[in-house]
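# Examining the three-dimensional arrangement
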Amino acid sequence: MEVNKKELKEQEIRTLFITPALQRKGWAVSVNMREEYYFTDGRVLVIGNQHSVAEGKKADYLLYHKGKPIAVVEAKDNKHAVGGGIQQAMDYAQILDLKFAYSSNGDAFLEHDFITGKETEIKLEDFPTEEELYNRYLESKSYTSEELNIIETPFYYDAHSHEPRYYQRIAVDRTVEAIARGLQRVLVVMATGTGKTFTAFQIIHKLHKSKAKKKILYLADRNVLIDQTMVQDFKPFKKFMTKITSVGEGEEKIDSSYEVYMALYHQLVGKEGKPDPFLEVQPNFFDLIIVDECHRGSAKDDSAWRKVLEYFSSATQIGMTATPKADEGANNLDYFGEPVYTYSLLQGIQDGFLAPYRVTADFINVDLQGWTPDEGEIDLLGKEIEQKLYQRQNIGRDLAIKLRRKVVAHRITQMLYDIGRMTKTIVFCSDIEEAAEMRTLLININSDLCKKSPYYVTRIVGEEVLIVAAHGQTVLGTAIHRLGINIIVLFAILHQPLVVAPLLEVLDRFLIHLFVMLVGNRIEVDFRLDDVEQRALGSLSLGLLRVQHVVRTRRNLGSQLLRRTDTCERFDFYHNILSLSFENKGIFLLFVQIG
């Protein structure tokens, strides 16, 4: 009996017509074709305190050549036209960086060729073979045999590795292609948490395996980025990989017998008045340098670290960053050029590879309206208060209002009741004194939990920050993990023009360490400083900024608390920390600026 296609479901159309047509042309599942291939995880949707996961993006058919995706096919039931799924196929092809998209309803195929920009309807029996499709792709590229040898080098796989996510594959493919074609400066932009290190590993593997690059230097600015990388993503390089640890006058020299070198910037740059250790080797010693987090000091025109890159200028240099900068004197776009590929924080969240976040900013009427003291009014220390309007930027720095602190502490606790009292929380305070009082307020309000765990609220301020920074490694992470610390009251100076720029960078780096450690249950903190940063921290210990007045206000602030939800783009200082999204979906961090 003849089948009426109009009565068949999409799955039946695929089984009876589309799949057989593909198979007759040599496309086979688990060989060069996948069916119902999910290439995203699905966005985490948050409504109130509940969350769910949307369905990920799924290609009906993904066609490959030697592991490289080359085309996508979308199927529709026969009630649709042949091209009923072509727009969806084109959308998926653009996301996956493919040149061919197809739609079919079981009668024929409609092809969209991104190379020519044309669409063609083809019979079921005329669908192109793998060889035909790949040859059309190669004709558009015009690779030389040497370029093709590099580009076609397969990704690294073993029993312990995993398949690259689609955006990691695109980042690797575009970077390797650009280098094979002779580009010497390459920039890759990928949001934090999306696997830049794994991507860097696959880039190095392909270039090293194809013998395009033989001596490779991987540069980072923190020990943790080197040590973890060596034992995790870069572990397959262990037989020919080394860490440059103590080079310089009277120290161990750079061993030229290795092929992959891991190093910190400041270990390659000599101390003041001493020769730079990187001068031990010839400028052409390295032929590939990967710069991790190139938005930091290496992007600055006058940075000592920049000397390393300039000395090895003949090497191909790849910059990897989550935040491309275009600041005067620190423009990594000028140095590396426009990114060959960008995978943003928003894309990561939409794909479900990164957790979403929400920011709740809390304001009190005194913050919005300001406060003016009565004539001759004195503070709690007996000092007369300067007669002027104190606005939000003054509160917590020039002026501390006791009742305001109580309101903020109650608001923090109220929000924790809403989102979970064991949610990891960081409270930013204006100075050490405020951090100490905020800790006491939070302890007293949450005494039921502090009775069970005395470290539920813990202060990390001032000298303690200096200890963590100076010692590099600390038991802080172990304490947080084992003692159950939940709320950390942290002293930080936000947006202060009197504080030198390196100090802000140091604080930012420390907070990033702390954030990752809390969210990811990391037990180690590895935090190194250069001389400039140590001098900057020294200025902090001198009490650079002090609260001038502590007053008691008669106004009832508690009943006039305002609440507003906004996006993190409004908080410049928080953005780097909040953009450190993580894979533990559904976790929320509370950030409150006091002052």
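Note: the structure precedes this text.
Residues numbered from 1 in each chain as written. Predicted model: local features only at pLDDT ≥ 70, side-chain atom pairs only at ≥ 80, totals over all residues. Heavy atoms only, no water.

## Some details on the sheet that holds strand β6 (residues 100–104)
Let me state the cut-off plainly: The rule for pairing is simple: two strands pair if DSSP sees at least two bridges between them. Runs of E in the DSSP output that reach at least two residues are strands. Runs of H or I that reach at least four are helices, and both are numbered from the N terminus. Helix axes are fitted only over the stretch in contact, all axes being lines through C-alpha atoms; the angle between N-to-C directions runs from 0 to 180 degrees. Here, residues are in contact when the closest pair of their heavy atoms is within 4.5 Å.
With mixed pairing, 6 strands are arranged side by side in an open sheet as β1-β4-β5-β6-β7-β8. Edge positions in the open sheet fall to β1 (33–38) and β8 (118–123), since each of these has one partner strand only. Here the average twist between neighbouring strands, direction ignored, is 30 degrees. Two strands pair when backbone bridges link them, and strand β7 (residues 108–113) and β8 are joined in this way by 6 bridges, in the antiparallel orientation. The residue of β8 that forms the bridge with leucine 110 is glutamate 121. Strand contacts of helix α1 (residues 10–24): β1, β4 (58–65), β5 (68–75), β6 and β7, with the helix running at about 10 degrees to β4, the strand carrying the most contacts.

## As for the environment of leucine 309
One can find leucine 309 in helix α9 (residues 306–311). Sequence spacing of leucine 309 and leucine 219 is 90 residues, and the spatial spacing of their C-alpha atoms is 9.8 Å.

## With respect to unusual backbone geometry
For clarity, the threshold we go by: Throughout this description, buried means an accessible area under 20% of the type-specific maximum (1.4 Å probe, protein chains only), exposed means over 50%, and partly exposed covers the range between.
Its identity is not glycine, yet lysine 66 carries a phi of approximately 50 degrees, on the positive side. Mapping lysine 66 onto the fold places it in the loop between β4 and β5. Overall, lysine 66 belongs to the exposed group, its relative accessible area being 69%. The phi angle at serine 142 is positive, at roughly 55 degrees, despite the residue not being glycine. For serine 142, the location among the structural elements is in the loop between α3 (130–141) and α4 (145–151).

## Digging into the packing of aromatic side chains
Note the cut-off: Side-chain rings of Phe, Tyr and Trp (the six-membered ring for Trp) are treated as a pair once their centres are within 6.5 Å; stacked means planes under 30 degrees apart, edge-to-face means over 60, and tilted covers the remaining angles. For a Lys NZ or an Arg CZ to count as sitting over a ring, it must be within 6 Å of the ring centre and within 35 degrees of the ring normal.
As enumerated under the stated definition, the model contains 23 aromatic pairs in all. Aromatic pair phenylalanine 39 and tyrosine 92: ring centres 5.2 Å apart, planes at 80 degrees, arrangement edge-to-face. With phenylalanine 39 in the loop between β1 and β2 (44–47) and tyrosine 92 in helix α2 (residues 86–95), the pair connects residues that are 53 residues apart, well separated along the chain. Among the residues examined, phenylalanine 39 registers a relative accessible area of 4% and is labelled buried. A residue is classified by how much of its surface remains accessible, and tyrosine 92, at 11% relative accessible area, is buried. Between the aromatic rings of tyrosine 335 and phenylalanine 336, the centroid separation amounts to 4.9 Å while the plane-to-plane angle is 80 degrees, which identifies the pairing as edge-to-face. Look at tyrosine 335 and you get buried, because its relative accessible area is 17%. An aromatic cluster of at least three residues, connected via ring pairs, comprises Phe39, Tyr92, Tyr166, Tyr167, Tyr343 and Phe353. Geometry around phenylalanine 17 places lysine 5 over its ring, the cationic atom sitting 4.3 Å from the centre. The positively charged end of arginine 14 is found above the aromatic ring belonging to tyrosine 61, 5.2 Å away from the centroid.

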